[in-house]
Amino acid sequence: MSGGQGIGRRELLAGAAAVAAGASLVGLTPAQAVPVAAGVTKFALPAERAVRVLVTGDAGTGTRTQWAVADAARAFHAREPFSLAVGLGDNIYESGPKSGDDEQFASKFEHPNAGLDFPWAMVLGNHDTSSVIGGDGGWLLRGNHEVEYHANSPRWWMPSRYYSVRVPEERPVVELFVLDLNPLAAYLPPLFAPYWAVDGEFMNAQRAWLDRAIAESPARWKIVCTHHPYLNNGPHGDAGNYEGLSIEPLNGVHVKRFFEDHVVGKCHFILSGHDHSLQVLEPTAAAKGTRQLVSGAAAKTVGAEPRVGAGTPALYESYHQLGFMVMDLTPSAVDLRVVAVDPATGAGTEVFGRRLA
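With an unreviewed UniProt entry as reference, the protein is termed Calcineurin-like phosphoesterase family protein, source organism Nocardia bhagyanarayanae.

As structure tokens, this is what we get:
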């Protein structure tokens, strides 16, 4: 699709001018949430205290593989209905949308997910915010188009760049804290835009919001949803060692510090995509009891098993299977299932199941 190509020099300069003009153009914090457009009715958040979550990531290709995984999710939903979904970033490959009504939202989200009619809590990924090369994360302002789309879709939930969702709203069983860590993880760091800097206005506001939101949450289960993982046995590596690099900040050292200062030991789970794999990892000592799940195989896979058994101990890991995860949460337990998907038939097979809490 032509809509997935990188931006040109004119658009890049226009964006730089917008950043220079003031933070009000780029903030989109929870306090500045985008309202729903007239005539659009959002799918309602569930009111039940048994919550089933479809956990999927790195889906937005519009290819047959994305459709195959969605077919398996539809079949699962027909048997055991989902309450909501989490889309863990890279929602619009290769470089993100060009506007809030880009045709790619239809071809890479709405059409493949037809029939999965429940709220989708969406996360921004590096391919959603790209500039020169798809995935470089170097055009952070582009992510605002995905926030704008919140106004136009019944299922797409992204009212701001970071936000939280309580399910149910009264006496919540779970609260999802959806983060935007792209300013810390971009392959093209925002060196000339102080607003997006490591200690700039956007990230400092997000830190303060997250600390307060977690502390005030009445939910039984607290789950952080990001695109970039904290722990990861796949080829993208752990935060602080992304891509096996020692060069700061490209190795994700600032992501690592964010997790360790604001997330681990405070939330029960971190859900991430980015790595095109399915991983159920054990908490490490540094993780302080917080468990990392990686579900980034909704359209692509690593294609091999190069690091199985390496890095963080895992209850399950696969690097060659398409698929998704299913979390069942009640006030007393969290159960997880991993569903592998046949790319040719769209048939799903449960390959892992375990009570995690």
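Peer 1: Explain the overall build of the protein here, please?
Peer 2: Broken down by element type, the protein carries seven helices and 14 strands. In terms of C-alpha radius of gyration, the protein reaches 19 Å, essentially the compact-globule figure of 21 Å for 357 residues. Taking the principal axes of the C-alpha coordinates as reference, the protein spans close to 50 × 45 × 40 Å. Across the 357 residues that make up the protein, the buried fraction comes to 58%. Pairs at least 24 residues apart make up 71% of the contacts formed inside the protein by residues separated by at least 6 positions. As displayed, the protein offers around 13,300 Å² of accessible surface, 56% of which is attributable to carbon and sulfur atoms. Computed over 29 positive and 37 negative side-chain charges, the separation of the two mean positions in the protein equals 3 Å.

Peer 1: What's the story with the pattern of salt bridges in this structure? I'm lost.
Peer 2: Two side chains with opposite charge may pair up if their charged atoms get near one another. A complete count under the given rule lists 16 salt bridges for this structure. In this structure, Asp328 and Arg52 form a salt bridge, with 2.7 Å as the shortest nitrogen-oxygen distance. One end of the pair, Asp328, is in strand β12 (residues 322-330); the other, Arg52, is in strand β1 (residues 51-56), and 276 residues separate them in sequence. Assessed through its relative accessible area of 14%, Asp328 is described here as buried.

Peer 1: How should I be thinking about the sheet that holds β12 in this particular structure?
Peer 2: Hydrogen bonds between backbone groups are what pair the strands of a sheet, and the pairing can be parallel or antiparallel. The seven strands are arranged β4-β3-β2-β1-β12-β13-β14 in an open sheet whose pairing can be described as mixed. The open sheet terminates on both sides in strands that have one partner only, identified here as β4 (156-157) and β14 (348-355). The sheet contacts of helix α2 (residues 64-79) involve β1, β12, β13 (333-341) and β14, and relative to β12 the element is tilted by about 30°.

Peer 1: Just checking my understanding: could you explain the state of the cysteines for this structure?
Peer 2: What we call a disulfide is simply a covalent bond connecting the sulfur atoms of a pair of cysteines. In this structure the tally under the stated criterion is zero disulfides. Looking at the unpaired Cys225, the closest cysteine sulfur is the one in Cys267, lying at 9.3 Å. Under the relative-accessibility criterion, Cys225 is labelled buried at 0%. With a relative accessible area of 5%, Cys267 lands in the buried category.

Peer 1: I keep staring at the packing of aromatic side chains and nothing clicks. Help me out?
Peer 2: The relation between two aromatic rings is expressed through the spacing of the ring centres and the mutual angle of the planes. For the structure on display, the rule yields 16 aromatic pairs. For the ring pair Phe76 and Phe324, a centre distance of 6.3 Å and an interplane angle of 85° mean the geometry is edge-to-face. Of the two residues, Phe76 sits in helix α2 while Phe324 sits in strand β12, which places them 248 residues apart along the sequence. Its relative accessible area of 1% is what places Phe324 among the buried residues. Ring centres of Tyr195 and Phe202 lie 6.1 Å apart, and the angle between their planes is 50°; this geometry places the pair in the tilted category. Owing to a relative accessible area of 1%, Phe202 belongs among the buried residues under this scheme.

Cut-offs applied
Residue numbers restart at each chain and count upward from 1, following the sequence in its written direction. Given that the model is predicted, a residue must reach a pLDDT of at least 70 before its local features are reported, and side-chain atom pairs must reach 80 or more before they are shown or counted; all residues, however, enter totals for whole chains, interfaces and linings. Calculation of side-chain values draws on the structure's entire complement of heavy atoms; hydrogens and water are dropped beforehand. Working definition: helices are DSSP H or I runs of at least four residues, strands are E runs of at least two. Numbering for both runs from the N terminus. With C-alpha atoms as the basis for the radius of gyration, the globule rule is written as 2.2 Å multiplied by the number of residues raised to the power 0.38. For every residue, the accessible area obtained with a 1.4 Å probe (protein chains only) is divided by the maximum for its type, and the residue is called buried under 20%, exposed over 50%, and partly exposed between those limits. Note on definitions: a residue-residue contact is assigned when non-hydrogen atoms from the two residues lie within 4.5 Å. Accessible areas in this description were obtained via Shrake-Rupley with a 1.4 Å probe; residue shielding takes into account the shown protein chains only. Only four residue types enter the charge count, namely Lys and Arg as positive and Asp and Glu as negative; His and the chain termini do not. To locate a charge, take NZ of a lysine, CZ of an arginine, CG of an aspartate or CD of a glutamate. We count a salt bridge whenever a side-chain nitrogen from Lys or Arg sits within 4 Å of a carboxyl oxygen from Asp or Glu. Any two strands are treated as partners once DSSP identifies two or more bridges connecting them. Axis geometry follows a simple rule: fit a line to the C-alpha atoms, using only the stretch in contact for helices, then measure angles between N-to-C directions, giving values from 0 to 180 degrees. Here, the term disulfide refers to a pair of cysteine sulfur atoms separated by no more than 2.5 Å. Whether two aromatic rings pair depends on their centres lying within 6.5 Å, for rings of Phe, Tyr and Trp, where Trp uses its six-membered ring; planes under 30 degrees apart make the pair stacked, over 60 edge-to-face, and the rest tilted.

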